[in-house]
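The chain contents come next:
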Amino acid sequence: MAGHIPGAVFLDVGADLSAPGGGRGQPAGRHPWPSEEQVSTVIGAAGIGPTTRVVAYDDQSGAVAARLWYLLRASGHDEVAVLDGGISMWQAEGRPLESGTVTPTPERFTARPRAGWVVARDEMTGLDPATLVIDARAGERYRGETEPIDPRAGHIPGAVNLPFAGNLTADVIPVFRPADELRARFTAVGADRNLPIVYCGSGVTACHDLLALHAAGLRGRLYAGSWSEWSADPSLPIVTGDKP
């Protein structure tokens with residue numbers, strides 16, 4: 001659909017919410033986690049200051065907006081939410097859209113990364129085997145039946161599969177399932193007892209699972225490099241099939 005919510009500022013997941021140098025088969029994956037300096041510059045230029053209330057939205061049921069939500073929270077900014085149903089719900093409710101580019105007044109934003117919120121590859125390769133790891137990709141990619149994007153098919157050994165689409169209702173315009181349903185989904189794999197690490201293809205839709213965990217009163221951590229980073233290193237093991 002053409003247009004945007006009035007006053008909305010556009011941020012690009014590749015150019016703004018990822019570090020430079022990402023790409024298919026690249027060592028750091030397709031959407032590397034941005035540096036503290038990049039986050040401070042990009043977020044401030046978007047007109048977001050230390051007290052700004054942010055509402056992120058997209059046209060993909062929150063699959064991309066959740067990346068901004070998690071990026072801000074991981075950088076110490078809690079005043080952020082995701083618009084449930086995104087622009088599709090906004091338009092379905094008869095709300096206005098506008099066209100053109102919005103140029104915000106820059107603010108001073110200082111990223112304050114929270115320790116442990118973003119997990120690097122080195123930590124992933126040395127995990128305690130008891131750590132809960134969640135793969136947010138579609139089941140066929142988790143099982144290794146297909147891999148349309150990244151160098152190798154399969155999943156990280158030990159990971160369980162909870163595709164991000166399972167967080168959503170089956171409505172024409174999907175929205176997040178009720179909190180009790182989300183909690184049941186994640187507690188079924190032990191997320192209430194074992195702080196999970198979540199990954200996906202490139203660290204974007206994993207944030208949808210992290211948002212769902214938050215809505216359920218739980219939390220997790222992000223393996224930012226995700227499968228695109230892991231699969232690009234032939235020395236790292238992979239597993240195929242339904243079993244972790």
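Just above, that's the structure.
As the structure is a prediction and not an experimental result, all values here were calculated from the model. (Residues numbered from 1 in each chain as written. Predicted model: local features only at pLDDT ≥ 70, side-chain atom pairs only at ≥ 80, totals over all residues. Heavy atoms only, no water.)

Student: Got a minute to help me understand the sheet that holds strand 7 (residues 221-223) in this structure?
Tutor: Picture the strands of a sheet paired through backbone hydrogen bonds; they go either parallel or antiparallel. If you trace the five strands from one edge of the open sheet to the other, you get 3-7-6-4-5, paired in parallel fashion. Of all strands in the sheet, those bounded by a partner on one side alone are strand 3 (118-119) and strand 5 (160-161). (Pairing = 2+ DSSP bridges. Helix = DSSP H or I, 4+ residues; strand = E, 2+ residues; numbered from the N terminus.)

Student: Looking at this structure, I do not really get the packing of aromatic side chains. What am I missing?
Tutor: Enumeration according to the criterion identifies four aromatic pairs in this entry. Ring plane angle 45 degrees and centroid distance 6.1 Å describe the contact between Trp-69 and Tyr-70, whose orientation is recorded as tilted. The exposure class assigned to Trp-69 is buried, which follows from its relative accessible area of 3%. Of the residues examined, Tyr-70 reaches a relative accessible area of 2% and is grouped as buried. With 6.5 Å between their ring centres and 65 degrees between their planes, Tyr-199 and Tyr-223 make a pair best called edge-to-face. (Phe/Tyr/Trp six-rings, centres within 6.5 Å; stacked < 30°, edge-to-face > 60°. Buried < 20%, exposed > 50% of the residue type's maximum accessible area, 1.4 Å probe, protein only.)

Student: Would you mind going over the side chain of Ser-18 with me for this structure?
Tutor: Inspection of the secondary structure assignment puts Ser-18 in the segment before helix 1 (36-45). A polar side-chain atom of Ser-18 sits 2.6 Å from the main-chain carbonyl oxygen of Val-13. Side-chain polar atoms of Ser-18 contact the side chain of Arg-67, separated by 3.5 Å. Dropping the residues within four chain positions of it, Ser-18 is found in contact with Val-13, His-31, Pro-32, Pro-34, Gln-38 and Arg-67. (Polar contact = N/O pair within 3.5 Å; in protein donor to acceptor, adjacent residues only side chain to side chain. Contact = heavy atoms within 4.5 Å.)

Student: Would you explain the packing of helix 2 (residues 65-74) against helix 7 (residues 206-215) in this entry?
Tutor: Packed helices, taken two at a time, are described by their axes: the angle between them and the distance between them. Relative orientation of the contacting elements helix 2 and helix 7 amounts to 70 degrees, with a least axis distance of 8 Å. Classified by the angle their axes make, helix 2 and helix 7 are roughly perpendicular. As helix 2 runs across helix 7, the sense of the crossing is left-handed. Of the residues in helix 7, those in contact with Ala-66, Arg-67, Trp-69, Tyr-70 and Arg-73 of helix 2 are Cys-207, His-208, Leu-210, Leu-211 and His-214. (Axes fitted to C-alpha atoms, helices over the stretch in contact; angles between N-to-C directions. Parallel < 35°, antiparallel > 145°, perpendicular 65-115°, else oblique. Left-handed = near helix turned anticlockwise from the far one by under 90°.)

Student: Explain the pattern of salt bridges to me, please; I cannot follow it from the model alone.
Tutor: If charged atoms from side chains of opposite charge come close, those side chains can pair. Going through the model one piece at a time under the given rule, you end up with 15 salt bridges. Within the structure, one salt-bridge network assembled from shared partners comprises Arg-30, Asp-135, Arg-137, Arg-141, Glu-147 and Asp-150. (Salt bridge = Lys/Arg side-chain N within 4 Å of Asp/Glu carboxyl O.)

Student: Before we go on, may I ask you to explain helix 2 in this structure?
Tutor: One turn of an α-helix holds 3.6 residues; hence residues three or four places apart share an orientation. Of all 10 residues in helix 2, 10 are buried, a share of seventy percent or more. Next to the buried residues of helix 2 lie helix 1, strand 1 (54-56), strand 2 (80-82), strand 3, helix 7 and strand 7. Positive backbone phi, at 95 degrees, marks Gly-76, one or two positions downstream of helix 2.

Student: So what exactly am I meant to see when it comes to the packing of helix 6 (residues 179-187) against helix 7 here?
Tutor: For the pair helix 6 and helix 7, the least separation of the axes is 8 Å and the interaxial angle reads 115 degrees. It follows that helix 6 is roughly perpendicular to helix 7 by the angle criterion. The two elements helix 6 and helix 7 cross, and the hand of that crossing is left-handed. Two secondary-structure elements touch here, helix 6 through Ala-179, Leu-182, Arg-185 and Phe-186 and helix 7 through Asp-209, Ala-212, Leu-213 and Ala-215. Across the contact of helix 6 with helix 7, the residue classes break down as six nonpolar, no polar and two charged. (Nonpolar A, V, L, I, M, F, W, Y, C, P; charged D, E, K, R; others polar.)

Any link to function would need more than the numbers given here.
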